[in-house]
Amino acid sequence: MRAEVQADVEAIRGSLDLLRRHLDWDQALRRMAELDSLVENPDLWNDSGRAQALMRERTQLTAAVGECREIEHGLDDAVTLIELGEAEADQETVAEGEAALAQLRQRAAKAELATLLSGEADRSDAYLEVHAGAGGTESQDWAEMLLRMYVRWAEQHGYKVEWMEESGGEQAGIKSATVRIEGPNAYGWLKTESGVHRLVRISPFDSAARRHTSFASAWVYPVVDDRIDIQIDDKDLKIDTYRASGAGGQHVNKTESAIRITHVPSGIIVACQVDRSQHRNRAMAMDMLRARLYEAELQKREEQANAENALKTDIGWGHQIRSYVLQPYQMVKDLRTGVETSNVDAVLDGDIDAFLEASLAARVGNRRDAA
């Protein structure tokens, strides 16, 4: 076995050891058996909240254990294939095994990176807000493109996306929108995406075909559950109703069911228009407000809180975290980590894992350096 191939094998084994330690392997297997027994009891569903929490824990634990087992089995299969090919002097078989091993190393490295998602809210679902910057139609169209990028990323990872609120642009695109992304570690993966995103392109709205620079911001915060107590005083709230806008069939612009809540002390504003019921929209908006206040508290504990808050002060020059250049050349570059790619079509279609992984690793690395 070549030295490079042996290095892949050792790296995968090292990742597996780390994953098992992170899971506390024996305890994880015992807990899986316990959860399997609990969910088979029909009385569990008498308490739907507890049942959903246990099912969520079971799903996450099953996925983590299954990932370890699949990597381990894949490693055994690839090594066996290489050894068989070498014994029979079959280079095609050896090459097939080495290619499988290289892919497995990437998968193991990504699984290892996921163990860094150990923050207080990393396992939570996420709310994602997108806002257009100054610039009218140009920025509003870019905001819609940016939102689509995140929705496509979520769909590719098997996450559920629920639209909470949308304010359409005057001619195209959106002024703002909020979606809820549900899935394992949704907030953990997306939390470093908060900031300003800059687009450079030949404008499709400019008859002179000039190059334009547009800005849009993304803001990510965790969905909180009932176990996290967030105190909100009614006298601190300003509640407005308005007619829903955007796609929504006959209900849109017919009744004032959409809700906007302003938390006066913090200045935080949330809105929801997902349901026909004003009461349900209000309940969901309050959930969003609790999540925003919780995220604000988490930010206070972050060593980089001041720098991150500065990102939200202005959607424009000097505050961007990533640039997307479509003309005169094609390049997407993260200004924090230096990660870049010329495949802008893939990025805008949701292929942003390289950026998420690099920013997450850098953020964790900064914490360790400061410790």
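One structure accompanies this document, and this report is about it. Values in this document were obtained by computation on a predicted structure and should not be read as measured data.

**Points about the pairing of strand E2 (residues 160–168)**
Side-chain direction in a regular strand flips from residue to residue, so the side chains alternate between the two faces of the sheet. Sheet topology note: the E2/strand E3 (residues 174–182) ladder contains eight bridges and is antiparallel. Note on E3: the bridge partner recorded for Gly168 is Ile174. The hairpin turn running from E2 into E3, its antiparallel successor, is five residues long, and Gly173 in that turn takes a positive phi close to 75°.

**Some thoughts on helix H5 (residues 137–156)**
A turn of α-helix holds 3.6 residues, and therefore any two residues three or four places apart point the same way. Compared with an ideal rise of 1.5 Å per residue, which puts 20 residues at 28 Å, H5 spans 29 Å between its outermost C-alpha atoms and is within 8% of the ideal. Counting buried residues along H5, 14 of its 20 residues qualify, which places the element largely inside the surrounding structure. Count one or two residues on from H5 and you reach Gly158, which has phi positive near 75°.

**Things to note about unusual backbone geometry**
In this model, Gln327 is joined to Pro328 through a cis peptide bond whose omega is 10°. One can find Pro328 in the loop between strand E9 (320–325) and strand E10 (331–334). The backbone of Asp24 shows a phi angle near 55°, a positive value even though the residue is not glycine. Although it is not a glycine, Ala89 adopts a positive phi angle of roughly 55°. Tracing the backbone through its elements, the reader meets Ala89 in the loop between helix H3 (48–87) and helix H4 (91–114). Given a relative accessible area of 61%, Ala89 falls into the exposed group.

**Notes on the nonpolar core**
Counting 62 residues, the largest nonpolar core has Leu128, Leu146 and Tyr324 as the members making the most contacts within it. Ignoring sequence-local partners within four residues, the contact set of Leu146 consists of Val130, His197, Ala216, Ser217, Ala218 and Tyr324. Core analysis: the next-biggest nonpolar cluster, separate from the first, contains 27 residues, Leu44, Leu104, Ala108 and Ala111 among them.

**Quick notes on the environment of Thr341**
Secondary-structure assignment places Thr341 in strand E11 (residues 340–341). Sequence spacing of Thr341 and Gln330 is 11 residues, and the spatial spacing of their C-alpha atoms is 8.4 Å. Not counting chain neighbours up to four residues away, the residues in contact with Thr341 comprise Met331, Val332, Val347 and Phe355. Among the polar contacts made by the side chain of Thr341, one reaches the main-chain amide nitrogen of Asn343 at a distance of 3.1 Å.

**Describing the pattern of salt bridges**
It is possible for side chains bearing opposite charge to pair when their charged atoms get close. One pass over the full model with this rule turns up 32 salt bridges. Across the salt bridge formed by Asp287 and Arg290, the nearest N and O atoms sit 4.0 Å from each other. With a gap of three residues between them, Asp287 and Arg290 both fall in helix H7 (residues 278–301), about one helical turn apart. The partly exposed category is assigned to Asp287, whose relative accessible area is 35%. For Arg290, a relative accessible area of 13% translates into the label buried.

The rules behind these values
The written sequence of each chain sets the order in which its residues are numbered from 1. For this predicted model, a pLDDT threshold of at least 70 governs which residues receive local features, and a threshold of 80 or more governs which side-chain atom pairs are given and counted, while totals over whole chains, interfaces and linings are taken from all residues. Hydrogens are left out, water is left out, and the side-chain values use all remaining heavy atoms of the structure. Paired strands are those between which DSSP finds at least two bridges. Secondary structure is summarised from DSSP: a helix means a run of H or I of at least four residues, a strand means a run of E of at least two, and numbering begins at the N terminus for each. To estimate how far a helix should reach, multiply one less than its number of residues by 1.5 Å. For the exposure calls, accessible area comes from a 1.4 Å probe over protein chains only, and a residue counts as buried if that area is under 20% of its type's maximum, exposed if over 50%, partly exposed in between. In this text, buried Ala, Val, Leu, Ile, Met, Phe, Trp, Tyr and Cys residues form a nonpolar core when linked through side-chain atoms within 4.5 Å. Note on contacts: a residue pair is in contact if any heavy atoms of the two residues lie within 4.5 Å. Pairs of N or O atoms within 3.5 Å make up the polar contacts considered here, provided that, within protein, one atom can donate a hydrogen while the other can accept it, and that residues adjacent in sequence are counted only when both atoms are side-chain atoms. Here a salt bridge means any side-chain nitrogen of Lys or Arg lying within 4 Å of a carboxyl oxygen belonging to Asp or Glu.

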